[in-house]
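# Structure at a glance
Now for the letters of each chain:
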Amino acid sequence: MADTVIQTRDLTKQFIKRRGLSSLRHPFEKQAITAVQGINLSVKRGEIFGLLGPNGAGKTTLTKMLCTLLLPTSGSATVNGFDLVKQQAKVKGSMALISSEERSFYWRLSGRQNLRFFAALYGLPRQQAEERISALLSQVGLTEAADRRFNQYSTGMKQRLGLARGLLANPDIFFMDEPTKGLDPLASHQTHEFVKQQLVAQGKTVVIATHQLVEAEEVCDRVGIMSGGVMVACGGVRELSGDASLSDYFLSLVEESEQEPG
Ligand SMILES: Nc1ncnc2c1ncn2[C@@H]1O[C@H](COP(=O)(O)OP(=O)(O)O)[C@@H](O)[C@H]1O
Ligand SMILES: [Mg+2]
């Protein structure tokens, strides 16, 4: 269905970890960790979907698989109609990943120079790129700071430059991994407004991985609650929580999953 922009079938990721020398009896025994297990998920075009779960739930691993940064161990998925494994380049061309990691920017270049670099990487013609970069810097509120060095930016400004870079190639799908990590309440609010007003208004699909209930409640249309690599519940924010608040519901799920042996 064209309306479904992300569809996964039993998507699973295992990491193999060597026990190392700390385990004296079996020093080189390998241990498999299932970070994401049997995820069946579908996200519709234009939707803001939240992956909600505590630390270690598997949100980043699932996000990285959907961005082709990690290969699934088993299962399959389509992103924008393209097969996640067989059509990796097409999947990559359909999406942008915005994470709170800022390692991918050049610290000694200005915000504008950084965007120029990425525009060249995406193959945008020079003149078109200049106009687009100025428009994007203004859209994310960085016009004044555009020519300051990246290493002088605040956390919020770095995060907004990440948004501008994501928009540069104009992809259909945005993945945001903990987008407001380290931001103050005002900057978080501005990010949420940006997602709701700018991205969704342009018909983009947004998948937000977060451990913050408030964030999910504030921006998402639907959420999938993850715990221990498994999606334990999925639905509309209001639908899921029923009469109780989503937070009570979420906390009860997390407690339940922590009580299970394993
Ligand atoms: N590269 C890796 N090697 C081994 N284990 C990993 C690796 N990446 C993540 N994990 C494990 O997978 C689980 C899920 O991690 P992650 O996807 O980062 O969760 P979240 O983003 O929800 O906090 C955790 O138990 C984590 O320790
Ligand atoms: Mg994470």
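Everything that follows concerns the structure shown earlier in this document.
Since the model is a prediction, treat every value here as computed from it, not as a measurement.

### Description of helix H3 (residues 111-121)
Those residues of H3 that fall on the buried side of the exposure criterion are Gly111, Arg112, Asn114, Leu115, Phe118 and Ala119. Projected onto a plane normal to the axis of H3, the buried residues spread over an arc of 155° and lie on a single side. Among the exposed residues of H3, those pointing more than 90 degrees away from its buried face are Ala120 and Leu121. Within two residues after H3, glycine 123 carries a phi angle of roughly 75°, on the positive side.

### Things to note about the environment of lysine 64
Secondary-structure assignment places lysine 64 in helix H1 (residues 59-66). Taking the relative accessible area as the measure of exposure, lysine 64 reaches 35% and is therefore partly exposed. Here the alpha-carbon distance between lysine 64 and phenylalanine 175, two residues 111 residues apart in the chain, equals 9.2 Å. Excluding anything up to four places from it in sequence, lysine 64 contacts Leu69 and Leu70.

### Topic: a nonpolar patch on the surface
Together, Tyr106, Phe117, Leu121 and Tyr122 make up an exposed nonpolar region whose accessible area comes to about 410 Å². As for its position among the elements, phenylalanine 117 is in helix H3. Judged by its relative accessible area of 34%, phenylalanine 117 is partly exposed.

What counts as what
Residues numbered from 1 in each chain as written. Chains lettered and ligands numbered in written order. Predicted model: local features only at pLDDT ≥ 70, side-chain atom pairs only at ≥ 80, totals over all residues. Heavy atoms only, no water. Buried < 20%, exposed > 50% of the residue type's maximum accessible area, 1.4 Å probe, protein only. Helix = DSSP H or I, 4+ residues; strand = E, 2+ residues; numbered from the N terminus. Arc of directions from axis to C-beta. Contact = heavy atoms within 4.5 Å. Patch = residues over 30% accessible without salt bridge, like charges linked within 9 Å, V, L, I, M, F, W, Y side chains within 5 Å. Areas by Shrake-Rupley, 256 points an atom, 1.4 Å probe, with all protein chains shown as cover. Salt bridge = Lys/Arg side-chain N within 4 Å of Asp/Glu carboxyl O.

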